[in-house]
Amino acid sequence: MKFTILTLFPDFFPGPFAESIAKKAMDKGLFSIEALNIRDFAEDKHKTVDDTPYGGGAGMVFRPDVVAKSVEAVLAKNPAAKLIYPSPRGKTLNQKKVEELSEAENIVILCGRYEGVDQRVLDHYGFEEISIGDYILSGGEIAAYTIIDACIRIKTGVLGNPQTHKEESFSIAGSEFLLEYPHYTKPAIWQNSEVPEVLLSGNHAKINEWRLGKSEQITKKNRPDLWEKFLNNKTK
Ligand code: SAM
């Protein structure tokens, strides 16, 4: 799997992926990241990438002609690449979307800055807008980290134990709508607080039942939106 990042800050990459399991996965050739500087595709002597917005208002907007040149350069090598524009306007990223994206061989992530990117270039190339949450970041690079990290950790061979991502939030008991149950480790008593007895019982049927109950409780309390989807899905 290859990620090509179009950014004004190529030194952000590989960033966190130069450490830990991501580094090992990269060393094994399971994925790669190439960052291209959008500014390198500007043709005037000042290497201008942005301009003021038509219609007025604060901030600057990435020029479509400059961005298009960077996109063309990537598509010339990978014509079938999936094009993503991280943006607060996009649909919010979830685990289902991550699973879909992780199937792609080539993903291009266009990192906006300032007010964002001229709409025509997004429409022309069919960029999919993806949000990582209801807040505003300064640029798309941190969102790109999120998308890359979520995709690569579910690729075969990246995590030591391939079961890990099959038993966590958004995959509990085969449901994409349940959050994970709490975890405990040694010591069995800490600060006068004991590990729930059932977890020491060795009775796996009981443990699974307890865990599912906790998942349901936590989802109901913290994410009523997911809980409602879980209930609706159950009745189908
Ligand atoms: N003017 C834009 C708006 O109101 O939707 C926000 C622009 S933001 C300051 C600059 C860039 O950061 C965006 O073009 C986008 O690439 C990225 N960005 C900001 N928040 C994001 C989010 N929640 N999810 C994904 N990308 C985001």
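The following paragraphs examine the structure supplied in this document.

Rules behind the numbers
Residues numbered from 1 in each chain as written. Predicted model: local features only at pLDDT ≥ 70, side-chain atom pairs only at ≥ 80, totals over all residues. Heavy atoms only, no water. Helix = DSSP H or I, 4+ residues; strand = E, 2+ residues; numbered from the N terminus. Buried < 20%, exposed > 50% of the residue type's maximum accessible area, 1.4 Å probe, protein only. Contact = heavy atoms within 4.5 Å. Areas by Shrake-Rupley, 256 points an atom, 1.4 Å probe, with all protein chains shown as cover. Lys, Arg positive; Asp, Glu negative; His and termini not counted. Charge placed at Lys NZ, Arg CZ, Asp CG, Glu CD. Expected span 1.5 Å × (residues − 1). Arc of directions from axis to C-beta. Polar contact = N/O pair within 3.5 Å; in protein donor to acceptor, adjacent residues only side chain to side chain. Near = heavy atom within 4 Å. Nonpolar A, V, L, I, M, F, W, Y, C, P; charged D, E, K, R; others polar. Pairing = 2+ DSSP bridges. Axes fitted to C-alpha atoms, helices over the stretch in contact; angles between N-to-C directions.

We now examine the overall build of the chain. Secondary structure summary: the chain contains seven helices and nine strands in total. Counting the 236 residues in the chain, one finds 41% classified as buried. Looking at the chain alone, contacts between residues at least 24 apart form 71% of all its contacts between residues at least 6 apart. In the form shown here, the chain has an accessible surface area of approximately 14200 Å², with 51% of it arising from carbon and sulfur atoms. If you average the places of the 30 positive and of the 33 negative side-chain charges in the chain, the two averages end up 3 Å apart.

With 19 residues, helix α6 (residues 204-222) ought to run about 27 Å at 1.5 Å a step, and its terminal C-alpha atoms sit 26 Å apart, in line with that. Buried within α6 are the following residues: I207, W210, S215 and T219. When α6 is viewed along its axis, its buried side chains cluster within an angular range of 165 degrees and face the same direction. Of the residues in α6, the exposed ones pointing more than 90 degrees away from the buried face are A205, E209, K220 and K221. Elements that come into contact with the buried residues of α6 comprise α7 (224-235). The N-capping residue of α6, defined by a side-chain oxygen 3.2 Å from the backbone nitrogen of A205, is N203.

It is worth spelling out the site of the ligand at this point. For the ligand, the set of nearby residues contains 20 residues, the closest of which are Y85, P86, G133, Y135 and L137. A distance of 2.8 Å separates a nitrogen atom of the ligand from a polar atom in the backbone of Y135. In the environment of the ligand, a nitrogen atom lies 3.0 Å from a nitrogen or oxygen atom belonging to the backbone of L137. Expressed as a share of its isolated accessible area of 580 Å², the protein-covered part of the ligand is 84%. Those elements that provide at least two residues to the shell around the ligand are β5 (82-92), β7 (128-131) and α5 (140-152). The element best represented in the shell around the ligand is β5, accounting for four residues. Per-class residue counts for the shell around the ligand are ten nonpolar, eight polar and two charged.

Here the focus is the sheet that holds strand β2 (residues 32-37). With parallel pairing, the five strands of this open sheet are ordered in space as β2-β1-β6-β5-β7. Pairing within the sheet leaves two strands with one partner each, and these edge strands are β2 and β7. Each adjacent strand pair in this sheet contributes to an overall mean axis angle of 35 degrees, direction not counted. Each of β1 (2-7), β2, β5 and β6 (106-110) touches helix α2 (residues 64-77); the most contacted strand, β1, lies at about 165 degrees to it.

This paragraph deals with the side chain of T219. Checked against the element boundaries, T219 lands in helix α6. Taking the relative accessible area as the measure of exposure, T219 reaches 0% and is therefore buried. Setting aside anything within four residues of it in sequence, one finds T219 in contact with F177, L178, L179, P224, L226 and W227.

Let's shift gears to α5. For the α-helix, the turn length of 3.6 residues means that residues three or four positions removed from each other point alike. With 13 residues, α5 should cover 18 Å at 1.5 Å per step; its first-to-last C-alpha distance of 18 Å lies within 8% of that length. Counting buried positions over the 13 residues of α5 gives ten, a clear majority of the element. All of the buried residues along α5 are G140, E141, A143, A144, Y145, I147, I148, A150, C151 and I152.

With five of its five residues buried, β6 lies for the most part within the structure. Alternating residues of β6 divide into N106, V108 and L110 and I107 and I109, and every residue in both groups is buried. In this sheet, β6 lies alongside β1 in parallel orientation, the contact comprising five bridges. Bridge pairing in β6 links L6 to L110. One ladder, built from three bridges, connects β5 with β6; its direction is parallel. For K82, the partnering residue across the bridge sits in β6 and is I107.

Looking at the secondary structure, you find A73 in helix α2. Separated by 163 residues in the primary sequence, A73 and K236 place their C-alpha atoms 47 Å from one another.

The quantities given are spatial measurements derived from coordinates; they are silent on function.
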